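# Results of the structural survey
Residues per chain, in single letters:
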Amino acid sequence: MELFGIWVAALLTLGIFSFLYKDNPVYKICESIFIGVSAGYWAIANFFDALHKKFWVGVFPTDGSDPNYMLWFGALLGVLMLLRLSSKIGWIARWPLAFIVGATAGLYMMLYFVSNAMNQVASTMRDVIVTSPETHLIMWGETIGSILIVIGVVSGLVYFFFSKEHKGVFGYTARVGIWFLMITFGAHFGYTVMSRMSLLIGRIDFLFRDWLHLLN
Amino acid sequence: MKRLVPLIITFVVGTVLILSVFIPPMEGLGENFTLFFDIIAVFAFFLGGGNLVRVHFQKMSRKSDDWEFSIVTLVGFFVMLAAGLFKIGNPGDIASSVTADGSLFQAIYRSVFVPLSSTMYALLAFFVASASYRAFRAKNREATLLLVAAFIILLGSTPFGTMLTSWVPESWSIFQIPNLAVWLMSSPNLAGQRAIIIGIGLGVVSISLRLILGLERTYLGDDNA
């Protein structure tokens, strides 16, 4: 069974790589399998992780705890969501959609305000002048780094502020912000390239080691 | 009815979840709403699955271009569904985990889903090469900064980068490429990243307020829908 699985995985890997030559039926078959299997995988994963663990176990608890009948309301909204497939009463699906939108807005507003805005501002302003815990002397390397971070964050935010025209001192500050943002994008681009390369190495390693046994 | 009810639902749910952070007695209601959210999201996935089946059946019945591949997609979808729902080949009883070793679901996940998804992403390595060529042309100061940062990060993660600047004396070790990559990540990159994160945070707050107050209504679509 294990050997069969390795052969299936190897042939599918080669099928996807065949796209490097040109778009072809073998690649399209592998692509179609991927779409179908991944849709099925996520449907099952959600069914057991959310519907079973959060709804079924909550409504019919087996550990003696009180059932949470409120969850039926969530299930009802979920069923209403499926009405989207009907052309006549599809508009009712807006109710659960409105619930999702309201819940997302309510949850994420506080979460993002605290974690993204407040915590990041606090981390930027904390310990700008870095001193050695033993000698209490200023550590110039770290201090310059911290000051650079403050300059980068402030100028980057100035660049994102579009309510005022980017002219004069404001414009120059925004330009400095762009430089910091370009370094960030460059660093992320470098990391993306590295992660894709490591995935490629992983697939080639699988083909040569596990499938063809050419590597020890 | 078609627009007012959804607007009221969005306002009430959003307001309750915000208030539940500040008013302890409302915490329970907030937790229930979060559970509702998860349950509805599952049905949204089912809706997506239903839509996938409908689209591919339509393609097959109309004999559209490449309709043969729709059969492959639907077979893959239904096989995965059946393997998971009926726990085919599960070593334990029906109550055992769907991802238990030896189950058909786990076998398809390991031999089909994982290789296909990782190869799809690995394929991007080749296209990133052509994207790099376009990005790495230093046309102006900003593009040069992007180029230099990307090169330092790329070289810093490889043995070649270490070898390239191994001659730099220890007192100037910051100029060794791996150290330079670490400094780049922890200082200028962190600054730009924080500016983006703070911008996203403030953006989420403003769009959330617009949604809750009913100023943003595009998610409702048009009245004929």
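For the structure itself, consult the block above.
Now for a quick tour of the structure. The model shown is predicted, which means the values in this text are computed figures rather than measured ones.

It is worth spelling out helix H4 (residues 94–125) of chain A at this point. For H4 of chain A, with 32 residues, the first-to-last C-alpha span of 44 Å sits near the 46 Å given by 1.5 Å per residue. Taken as a whole, H4 of chain A carries its principal kink of about 35° at Tyr112 of chain A.

Here the focus is the layout of surface pockets. In this structure, the largest pocket encloses a volume near 600 Å³. Forming the walls of the largest pocket are 23 residues, and the residues nearest its centre are Gly5 of chain A together with Ala107, Ile108, Arg110 and Ser111 of chain B. Put simply, the parts of the chain that give the lining of the largest pocket at least two residues each are helix H1 (2–17) and helix H2 (25–59) of chain A together with helix H3 (68–85) and helix H4 (104–135) of chain B.

Here the focus is the environment of Val75 of chain B. Tracing the sequence through the fold places Val75 of chain B in helix H3. For the pair formed by Val75 of chain B and Leu85 of chain B, sequence separation is 10 residues and the distance between their alpha carbons is 15 Å.

This next bit is on the pattern of salt bridges. Scanning the entire structure with this criterion turns up 8 salt bridges over all chains. Here Glu165 of chain A makes a salt bridge to Lys167 of chain A, at a shortest N to O gap of 3.6 Å. Exposure class is identical for Glu165 of chain A and Lys167 of chain A. Each is exposed. A salt bridge links Arg110 of chain B to Asp101 of chain B, with the shortest nitrogen-to-oxygen separation between them at 2.8 Å.

Before going further, it helps to spend a moment on the nonpolar core. Ile16 of chain A together with Phe105 and Leu116 of chain B are the most contacted members of the largest nonpolar core, which has 36 residues in total. When residues of this core are traced back to their parent elements, those giving at least two are H1, H2 and helix H6 (168–211) of chain A together with helix H2 (27–61), H3 and H4 of chain B. Of all hydrophobic cores here, the second largest spans 27 residues; its members include Ala50 and Val59 of chain A together with Ile39 and Phe43 of chain B.

Attention now moves to the interface of chain A and chain B. Taken residue by residue, the interface counts 105 residues in chain A and 112 residues in chain B. Taken together, the two surfaces of chain A and chain B that pack against each other cover about 10100 Å², and 83% of this comes from carbon and sulfur. For Lys54 of chain A, the salt bridge goes to Asp38 of chain B, with nearest N and O atoms at 2.9 Å. Applying the counting rule to chain A against chain B returns 14 residue pairs in polar contact (both at pLDDT 80 or more). For the side of chain A that touches chain B, the secondary-structure elements that each account for two or more residues are H1, H2, helix H3 (71–82), H4, helix H5 (140–160) and H6 of chain A. Its residues assigned to classes, the side of chain A that touches chain B shows 73 nonpolar, 24 polar and 8 charged.

About the cut-offs
Note that residues are indexed from 1 along each chain, following the sequence as it is written. Both sets of labels track the order of writing: A upward for chains, 1 upward for ligands. For this predicted model, a pLDDT threshold of at least 70 governs which residues receive local features, and a threshold of 80 or more governs which side-chain atom pairs are given and counted, while totals over whole chains, interfaces and linings are taken from all residues. With hydrogens and water stripped out, all remaining heavy atoms of the structure feed into the side-chain values. For the purposes of this entry, the term helix denotes a DSSP run of H or I that reaches at least four residues, the term strand denotes a run of E that reaches at least two, and both are numbered from the N terminus. The length a helix should cover is 1.5 Å for every residue beyond the first. Bend at a given residue is defined as the angle between two axes, one fitted to the seven residues that end at that position and one fitted to the seven that begin there. Space inside and on the surface of the protein is sampled on a 1 Å grid over the protein atoms alone, with a cavity defined as a set of points where a 1.4 Å probe fits but cannot get out and a pocket as an open set with protein on both sides within 12 Å along at least 5 of 7 lines; lining residues have an atom within 4 Å of a point. Grid points are joined across faces, edges and corners, and a volume is the space filled by probe spheres set on the points. For this analysis, a salt bridge means a side-chain nitrogen from Lys or Arg found within 4 Å of a carboxyl oxygen belonging to Asp or Glu. With a 1.4 Å probe rolled over the protein chains alone, any residue whose accessible area is under 20% of its type maximum counts as buried; one over 50% counts as exposed, and the rest are partly exposed. Here, nonpolar core refers to any group of buried Ala, Val, Leu, Ile, Met, Phe, Trp, Tyr and Cys residues whose side-chain atoms link them within 4.5 Å. Note on contacts: a residue pair qualifies if any of its non-hydrogen atoms lie within 4.5 Å across the two residues. Throughout, buried area stands for the accessible area (probe radius 1.4 Å) lost by two parts on being put together, summed over both. Distance and chemistry together define a polar contact, namely a pair of N or O atoms within 3.5 Å, with one atom able to donate a hydrogen and the other to accept it when in protein, and with adjacent residues in sequence counting only for side-chain atoms on both sides. Amino acids are sorted into nonpolar (Ala, Val, Leu, Ile, Met, Phe, Trp, Tyr, Cys and Pro), charged (Asp, Glu, Lys and Arg) and polar (every other residue, Gly among them).

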